[in-house]
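# Examining the three-dimensional arrangement
Here are the chains, one letter per residue:
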Amino acid sequence: MEYTSRQIEIINAATELINQGGIQQLTTKALAEKMGFSEPAIYRHFKNKTDILSSVLNYFGMGLKTKMTELIQSEDKGIEKLKQIIDFQFEHFSNHPAIVMVIFAETSFQYEEKLSSAVHNILTNKKERVVSIIQQGQKDGSIRSDVNPNQLASIFMGSMRFTILQWRLNNYSNDLKKEGVLLWDTLEKLIS
C-alpha cells in the first residue's frame, strides 16, 4: 500500500504518541492536537484508530520487507545476511521503540481482525524471508545444513523476539544494539 506524505506524517505522530504513553495514549483527539489540526482532518486520511494502528503496522512491515528483499538479493553469504537482519531490526527498534509496543500488543488485537491480520502478515513474510536466507546460507556453506530451515528460522526469530520483549519490559533501559551483538555471537556459534 502506498501512503501519502500526510498519512506518513500521521503514522509518525501516532508512533510518537504510542511511545509516550502506550497504545491507550493514541486517540484521534490526541493525534489531531499533536498534528495541529482538527479531529475531522484525521478522518480524511484514516477511517478510525484501528485504521491508524493498522497503517503503523503495515508501514513498519513494508520497510522490513524491503530491507529483507534487499538482503536476499545481495551477494553476501547467508550467515552475513542473518547478522544484518539483527543489526537492522535492533537499530530500528532502538530508534522507534513505539513500534515494539504495537507489534507486541498482538494479544490485545485478537478480537480486532484487521490488526491481528497485519501482525500475522508481518511475521509470516519475515519468516518466509528468513527461511529463504537460511536456505541460501545452507547452500553456500555458511550455515549448517543438518538443521531444518523452518525450525532454524523459528529459533532465530524467537530469540530476537524474546530479546526485544525483555528490552521493552525493562522500560528500554538496556542497550538493545549491544544485546543484539551478544545474541548474534551466540546464534552464530549455533548455526555455523
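Residues numbered from 1 in each chain as written. Predicted model: local features only at pLDDT ≥ 70, side-chain atom pairs only at ≥ 80, totals over all residues. Heavy atoms only, no water.

Relative to the assigned elements, Thr50 resides in helix H4 (residues 49-73). When its relative accessible area of 19% is taken as the criterion, Thr50 is described as buried. Those residues in contact with Thr50 that sit more than four places away from it in its chain are Glu112, Lys114 and Leu115. (Helix = DSSP H or I, 4+ residues; strand = E, 2+ residues; numbered from the N terminus. Buried < 20%, exposed > 50% of the residue type's maximum accessible area, 1.4 Å probe, protein only. Contact = heavy atoms within 4.5 Å.)

Sequence positions flagged by UniProt for "domain: HTH tetR-type" (unreviewed entry) are, in local numbering, residues 4-64. Within the segment residues 4-64, helix and strand shares are 74% and 0% respectively, and the terminal C-alpha atoms sit 19 Å apart. (UniProt positions renumbered as here; feature names shortened; annotations may be inferred.)

Okay, the packing of H4 against helix H7 (residues 113-140) next. The contact between H4 and H7 brings their axes to 9 Å, and the two run at 5°. Regarding the angle of H4 to H7, the classification is roughly parallel. Across the contact of H4 with H7, the residue classes tally to 13 nonpolar, seven polar and five charged. (Axes fitted to C-alpha atoms, helices over the stretch in contact; angles between N-to-C directions. Parallel < 35°, antiparallel > 145°, perpendicular 65-115°, else oblique. Nonpolar A, V, L, I, M, F, W, Y, C, P; charged D, E, K, R; others polar.)

With that settled, the discussion passes to the pattern of salt bridges. Counted under the stated rule, the structure contains six salt bridges. Lys34 is paired through a salt bridge with Glu16; the nearest N and O atoms lie 3.0 Å apart. Taken together, the residues span a long stretch of sequence, with Lys34 in helix H2 (residues 28-35) and Glu16 in helix H1 (residues 5-21) at a distance of 18 residues. Judged by its relative accessible area of 34%, Lys34 falls in the partly exposed class. For Glu16, a relative accessible area of 41% translates into the label partly exposed. (Salt bridge = Lys/Arg side-chain N within 4 Å of Asp/Glu carboxyl O.)

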